[in-house]
Amino acid sequence: MVQSQIYRYMFTTSGIFGFYLPPANYQRRVLKQLTRRIEGAIRDPDEDDISGPLMEKMAHLSTLEDPSPLETAEAKSVLTYILPSTTETVLPNAVFIEECPSLVASGGNTGLRTWAACLHLATYLATEAKHLVLGKSVLELGAGRGLLSIICAGPLSAAYVLATDGDRHVHETITRNVNLNPHLARKPGRQNPLDARVLEWDSSAPLGSLLPSKGGNVLYDTILGADITYDPDSLEPLASTLSGLAELCPTANIVIAATIRNVDTFDIFLAHCLEQGLSVYDIDFRCPPFELQEGLFHSLDPPIRIVRIKKEG
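Predicted model, so just to flag it, every value in this text is computed and none were measured.

As for the overall build of the protein chain
A count of helices and strands for the protein chain gives 9 helices and 9 strands. In the protein chain, buried positions account for 43% of the 313 residues. Across the protein chain, the fraction of contacts at a sequence separation of at least 24, relative to all contacts at a separation of at least 6, is 71%. Only carbon and sulfur atoms are counted for the fraction: they give 53% of the accessible area of the protein chain, which is about 16,700 Å².

Pasting the structure below:
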């Protein structure tokens, strides 16, 4: 019974997460570990054995050639992200995102996968800060693949989310990922809860003209950003953009999550914020270590800071 459930839920397209199985080489690694554990638990070889479907699956996976390192890095897969369990969850707490999970960041390809600070901020919002999103209008900076925006618009029930990024393909990318999540796909006669558009922080155009507005006013309750402070060259325009948003939306909560790979780089960001009249306050969020996390699994090494940014005066 247990082995049949493992096979059904983890290695078939009719499993609990629908039609999105991980790459074959990943399935093979996981199945090897599982079969070793099953073999170790067998007490009577005459009565117990590894099930036929699992053995057939392993045989099939073993015939497949491993992709080259370059093919692995560039391969896109649909990943399943599970939110931490909560008693208040109403909408599905599984979110599907197409990305390059094996990619190592370099150059301009950081938007091709989801990074730890995004998972950390999403965990904070899903556990301790749902009030920042529930029924709110949310703007995300540097949305990348769109996981954080999709979580806000879906399981966390934001009224409206605008995902922005400097990549000109952001609308196409996020629309594709929205369509992987049936509870978010646009339905006839219903307003789309999530939109996407290009927002370049160093644009010379007035910030208000680059964002959707109602009656001439740009209104967002919450402004989010995750892992957007890694590039020293972008920190001055980022701080300027945050300052402009704080003026356009004076009551908005601005919350940023940053992986501290280089303390000096984050200090430069803080200095630019100070120049813009922005105060930065640490949020005391104590995320469980990896082995105790219940969803959105991510490493806490290097450390991740979540900060609230406020325009003074």
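A few points about the environment of Ser51
Along the chain, Ser51 falls in the loop between helix H2 (24–41) and helix H3 (52–62). The buried category is assigned to Ser51, whose relative accessible area is 18%. Taking the C-alpha atoms as reference points, Ser51 and Met1, separated by 50 residues in sequence, lie 9.6 Å from one another.

Brief notes about the pattern of salt bridges
Throughout the structure, instances matching the rule amount to 6 salt bridges. The salt bridge involving Arg261 is made with Asp227; its shortest N-O contact spans 2.9 Å. Here Arg261 is found in the loop between strand S7 (253–259) and helix H9 (263–275), whereas its partner Asp227 is found in the loop between strand S6 (222–226) and helix H8 (235–248), with 34 residues between them in sequence. Since its relative accessible area comes to 8%, Asp227 is described here as buried.

Quick notes on a negative patch on the surface
Residues Glu39, Asp44, Glu47, Asp48 and Asp49 make up a contiguous surface patch of negative charge. By secondary structure assignment, the location of Glu47 is in the loop between H2 and H3. Owing to a relative accessible area of 63%, Glu47 belongs among the exposed residues under this scheme.

Things to note about unusual backbone geometry
For the bond from Asp301 to Pro302, the omega torsion is 5°, close enough to zero to count as cis. The phi dihedral of Leu296 falls on the positive side, at around 50°, and the residue is not glycine. You can see Leu296 is positioned in the loop between strand S8 (278–282) and strand S9 (304–311). For Leu296, a relative accessible area of 1% corresponds to the buried category.

Considering the environment of Gly166
On the secondary structure map, Gly166 appears in the loop between strand S4 (160–165) and helix H7 (170–179). Not counting chain neighbours up to four residues away, the residues in contact with Gly166 comprise Val198, Leu199 and Glu200.

Quick notes on the sheet that holds S4
As summarised here, the arrangement of the 7 strands in space is S5-S4-S3-S6-S7-S9-S8, forming an open sheet in which the pairing is mixed. The open sheet has two edge strands, strand S5 (194–198) and S8, and neither has a second partner. Here the average twist between neighbouring strands, direction ignored, is 25°. On the sheet, H9 packs against S7, S8 and S9 and is oriented at approximately 135° with respect to S8.

Re the packing of H2 against H3
It is at 10 Å that the axes of H2 and H3 come closest, and there the two elements cross at 140°. Viewed along their axes, H2 and H3 adopt a mutual orientation that is oblique. Read as a crossing pair, H2 and H3 show a hand that is left-handed. Where H2 abuts H3, its residues Ala24, Gln27, Arg28, Leu31, Lys32, Thr35 and Ile38 lie against Leu54, Lys57, Met58, Leu61 and Ser62. For the contact of H2 with H3, the class distribution of residues is 6 nonpolar, 3 polar and 3 charged.

Rules and cut-offs
- Residues numbered from 1 in each chain as written.
- Predicted model: local features only at pLDDT ≥ 70, side-chain atom pairs only at ≥ 80, totals over all residues.
- Heavy atoms only, no water.
- Helix = DSSP H or I, 4+ residues; strand = E, 2+ residues; numbered from the N terminus.
- Buried < 20%, exposed > 50% of the residue type's maximum accessible area, 1.4 Å probe, protein only.
- Contact = heavy atoms within 4.5 Å.
- Areas by Shrake-Rupley, 256 points an atom, 1.4 Å probe, with all protein chains shown as cover.
- Salt bridge = Lys/Arg side-chain N within 4 Å of Asp/Glu carboxyl O.
- Patch = residues over 30% accessible without salt bridge, like charges linked within 9 Å, V, L, I, M, F, W, Y side chains within 5 Å.
- Lys, Arg positive; Asp, Glu negative; His and termini not counted.
- Charge placed at Lys NZ, Arg CZ, Asp CG, Glu CD.
- Pairing = 2+ DSSP bridges.
- Axes fitted to C-alpha atoms, helices over the stretch in contact; angles between N-to-C directions.
- Parallel < 35°, antiparallel > 145°, perpendicular 65-115°, else oblique.
- Left-handed = near helix turned anticlockwise from the far one by under 90°.
- Nonpolar A, V, L, I, M, F, W, Y, C, P; charged D, E, K, R; others polar.

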